[in-house]
Amino acid sequence: MTIQSPTTAAAPLAPTRTIDPDLDRRFMAAAITFARRNAGRAWPNPSVGCILVRMDRGFPEVVGRGVTAAGGRPHAEVLALRQAGEAARGATAYVTLEPCAHHGRTPPCVDSLITHGVARVVTGIEDPDPRVAGRGHAMLEASGVEVARGVLARDAARHHAGHIARIRLGRPLVSLKMAISADGCIGRRGAGQVAISGPVARAHAHALRAESDAILVGVGTVLEDDPQLTCRLPGLEDRSPIRIVLDSAARTPPGSRVVAGARTVPTWIFTAPDAPADRREALSIAGATMLVAERGPDGRMDIEDVLFQIARDGVTRVMIEGGARVARSLLDQDLVDEVQFVRSAVTVGEGGVPALAGLPVGEVLASPRFVTVENRPLGGDRLVHLWRRSIG
Ligand code: AOF
Ligand code: ZN
């Protein structure tokens, strides 16, 4: 395969002279931060960040930036190269994920990087997509582009954990988020929405929604709370994820808020194959997308089947917002990759709904399956943030 373009010229400065590991880490950190801009919107693709930096005037100069566009294309590198134009020649590209090597609707990013004369490419992690999987790095090197791999690899892997899960496991990254009272509850039976966390934690939760491709709840949460499950942070209203309801018997009321708003923000309702057809139809007419998944051995929806299905539809990262039984099943089946518990000082008392349907919260916190990556105040509450140990 010929990937060297006739317009490729030698870099104006030998790149090895300017390599500074600290600078590499700083620009990779910047690329990861930039990449987060389209988290929740780039699916089915990963939201990649690319920063092009020239080093030839004795100090670093950013000449182009790109983040994978909403819907997954154009890719980050193409946008950064477009911005840099001729200034890309001899520059270093900091890319959170190995540039792609396959011909999709557009030529591979490695070809574009080579054609534009980029001298050096620094990446966070290898792309697990079998169409790329090391070939991007190899093609760059074969063309004389210097490659540095694995810079801030752990941070890049966390950022791209949804893409990695979807490619490797065939399911999205599952992120469990819950506001938990001092007495271990998420609400009070029959009381609708109970204020457990404060305004700072609420804003945090809405920002998490914005960065997720989808948000999933059990029908119990819809019946109890009638939540909207949208992102309502000023300026981020168009970042609401797909709303998914697990509802084996199609009990979701067609007049509920998740269904009423389904023509603006999509709502997918998974029912069992034997759910009453008339109720399914009413929900479909009201605007919801009706899907079918198997029942598990306990008679409830088989959540793993749902996860496989939504990954096939392109979802890379799903946030779980309730209720207790959905959370418990996911934990029992070892399907939780990230946990964000907001611990509040509020006490629910009589009628309280235990957060994890009988599983003590402390057991999750102490589980060797997870590592604590953050434990910090969030307004008047406390955020305890865990990651699956194998993701780091
Ligand atoms: C990059 N830069 O910004 C992204 C990449 O369907 P396609 O042709 O868009 O390719 C999707 C694959 O490209 C995806 O699975 C992942 O491997 C890679 N994503 N690669 O070079 C980007 N988003
Ligand atoms: Zn690409």
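Basis of the calculations
Residues numbered from 1 in each chain as written. Chains lettered and ligands numbered in written order. Predicted model: local features only at pLDDT ≥ 70, side-chain atom pairs only at ≥ 80, totals over all residues. Heavy atoms only, no water. Helix = DSSP H or I, 4+ residues; strand = E, 2+ residues; numbered from the N terminus. Rg over C-alpha atoms; globule rule 2.2 N^0.38 Å. Buried < 20%, exposed > 50% of the residue type's maximum accessible area, 1.4 Å probe, protein only. Contact = heavy atoms within 4.5 Å. Areas by Shrake-Rupley, 256 points an atom, 1.4 Å probe, with all protein chains shown as cover. Lys, Arg positive; Asp, Glu negative; His and termini not counted. Charge placed at Lys NZ, Arg CZ, Asp CG, Glu CD. Pairing = 2+ DSSP bridges. Axes fitted to C-alpha atoms, helices over the stretch in contact; angles between N-to-C directions. Near = heavy atom within 4 Å. Polar contact = N/O pair within 3.5 Å; in protein donor to acceptor, adjacent residues only side chain to side chain. Nonpolar A, V, L, I, M, F, W, Y, C, P; charged D, E, K, R; others polar. Donors = N, O, S within 2.8 Å, 3.2 Å for Na, K, Ca; no water. Tetrahedral: all angles 85-135°; square planar, octahedral: opposite > 155°, others 65-115°. Disulfide = S-S within 2.5 Å. Salt bridge = Lys/Arg side-chain N within 4 Å of Asp/Glu carboxyl O.

Novice: Sorry if this is basic, but what is going on with the overall build of the chain here?
Specialist: For the chain, the helix and strand inventory stands at 13 helices and 16 strands. On C-alpha atoms alone, the chain measures out to a radius of gyration of 23 Å, which is about the 21 Å that the 2.2 N^0.38 rule sets for 392 residues. Taken along its principal axes, the extent of the C-alpha atoms in the chain is 70 × 45 × 35 Å. Expressed as a percentage of the 392 residues in the chain, the buried residues total 54%. The long-range fraction of contacts in the chain, counting pairs at least 24 apart against all pairs at least 6 apart in sequence, stands at 72%. Accessible surface, the chain: about 16700 Å² in total, of which carbon and sulfur atoms supply 51%. Charged side chains of the chain number 47 positive and 42 negative; the gap between the two group centres comes to 3 Å.

Novice: Is there a simple way to explain the sheet that holds strand E10 (residues 267-271) in this structure?
Specialist: For sheets, the rule is that strands pair by backbone hydrogen bonds, running either parallel or antiparallel. Read across the open sheet, the 9 strands follow the order E11-E10-E9-E8-E12-E6-E13-E16-E15; overall the sheet is mixed. Looking at which strands have only one partner, the edges of the open sheet turn out to be strand E11 (289-292) and strand E15 (370-378). Sheet twist, expressed as the average angle between the axes of neighbouring strands with direction ignored, equals 20°. Alignment of strand E8 (residues 214-218) against strand E9 (residues 242-246), held across 5 bridges, turns out to be parallel. Among the inter-strand pairings, Val217 is bridged to a residue of E9, identified as Val245.

Novice: Help me understand the site of ligand 1, please; the structure alone is not making it clear to me.
Specialist: Within the structure, ligand 1 sits among 17 residues, and Thr68, His75, Ala76, Asp127 and Asp129 are positioned closest to it. Taking Asn45, its side chain carries an N or O atom lying 3.0 Å from an oxygen atom of ligand 1. One nitrogen or oxygen atom from the side chain of Thr68 is found 2.7 Å from an oxygen atom belonging to ligand 1. Relative to its unbound accessible area of 520 Å², ligand 1 is 95% covered by the protein chains. When grouped by side-chain class, the residues that make up the shell around ligand 1 number 6 nonpolar, 6 polar and 5 charged.

Novice: Is there a simple way to think about the coordination of the zinc ion (ligand 2) in this case?
Specialist: Coordination angles at a metal have ideal targets, namely 109.5 degrees for four tetrahedral donors and 90 or 180 degrees for six octahedral donors. For the zinc ion (ligand 2), the protein coordination sphere consists of His75 (ND1), Cys100 (SG) and Cys109 (SG), at 2.0 to 2.2 Å. Coordination at the zinc ion (ligand 2) is tetrahedral: its 4 donor atoms span angles of 99 to 119° at the metal. Within one chain, the residues serving as donors to the zinc ion (ligand 2) are arranged as H-x24-C-x8-C. Each member of the pair, Cys100 as well as Cys109, is classed as buried.

Novice: Would you explain the state of the cysteines in this entry?
Specialist: Note on terminology: disulfide describes a covalent bond linking the sulfur atoms of two cysteines. Applying the stated criterion to the full structure yields 0 disulfides. Left unpaired, Cys50 is separated from the closest cysteine sulfur, that of Cys109, by 8.2 Å.

Novice: What exactly am I supposed to notice about the side chain of Gln309 here?
Specialist: Of note, Gln309 is situated in helix H11 (residues 303-312). For Gln309, a relative accessible area of 16% corresponds to the buried category. Within the local environment of Gln309, its side chain forms a polar contact with the backbone oxygen of Val292, the two atoms lying 2.9 Å apart. Among residues more than four places away in sequence, those in contact with Gln309 are Phe270, Val292 and Ala293.

Novice: What should I look at first to understand the pairing of strand E13 (residues 338-343) in this one?
Specialist: A regular strand places its side chains so that they alternate between the two faces of the sheet. Counting buried positions over the 6 residues of E13 gives 5, a clear majority of the element. Across 6 bridges, strand E6 (residues 173-180) lies against E13 in parallel orientation. Within the sheet, the bridge partner assigned to Met178 lies in E13 and is Phe341. Note that E13 and strand E16 (residues 381-388) share 6 bridges and pair antiparallel.

Novice: Can you help me understand the environment of Asp225 in this one?
Specialist: Note on placement: Asp225 falls in helix H8 (residues 219-225). Separated by 13 residues in sequence, Asp225 and Ser212 have C-alpha atoms that sit 21 Å apart.

Novice: It is not clear to me how the pattern of salt bridges should be interpreted in this structure. Could you clarify?
Specialist: Between side chains of opposite charge, pairing is possible as soon as their charged atoms come close. For the structure shown, the criterion picks out 22 salt bridges. For Asp337, the salt bridge is made with Arg388, and the minimal N-O distance between the two is 2.8 Å. Of this pair, Asp337 sits in the loop between helix H12 (324-332) and E13 while Arg388 sits in strand E16, and the two are 51 residues apart along the sequence. Asp337 gets classed as buried once you look at its relative accessible area, which sits at 2%. Its relative accessible area of 12% is what places Arg388 among the buried residues. Arg376 is the partner of Glu374 in a salt bridge, and the nearest nitrogen-oxygen pair spans 2.7 Å. Accessibility expressed as a relative area gives 25% for Glu374, which makes it partly exposed. Residue Arg376 is classed as partly exposed on the basis of its relative accessible area of 31%.

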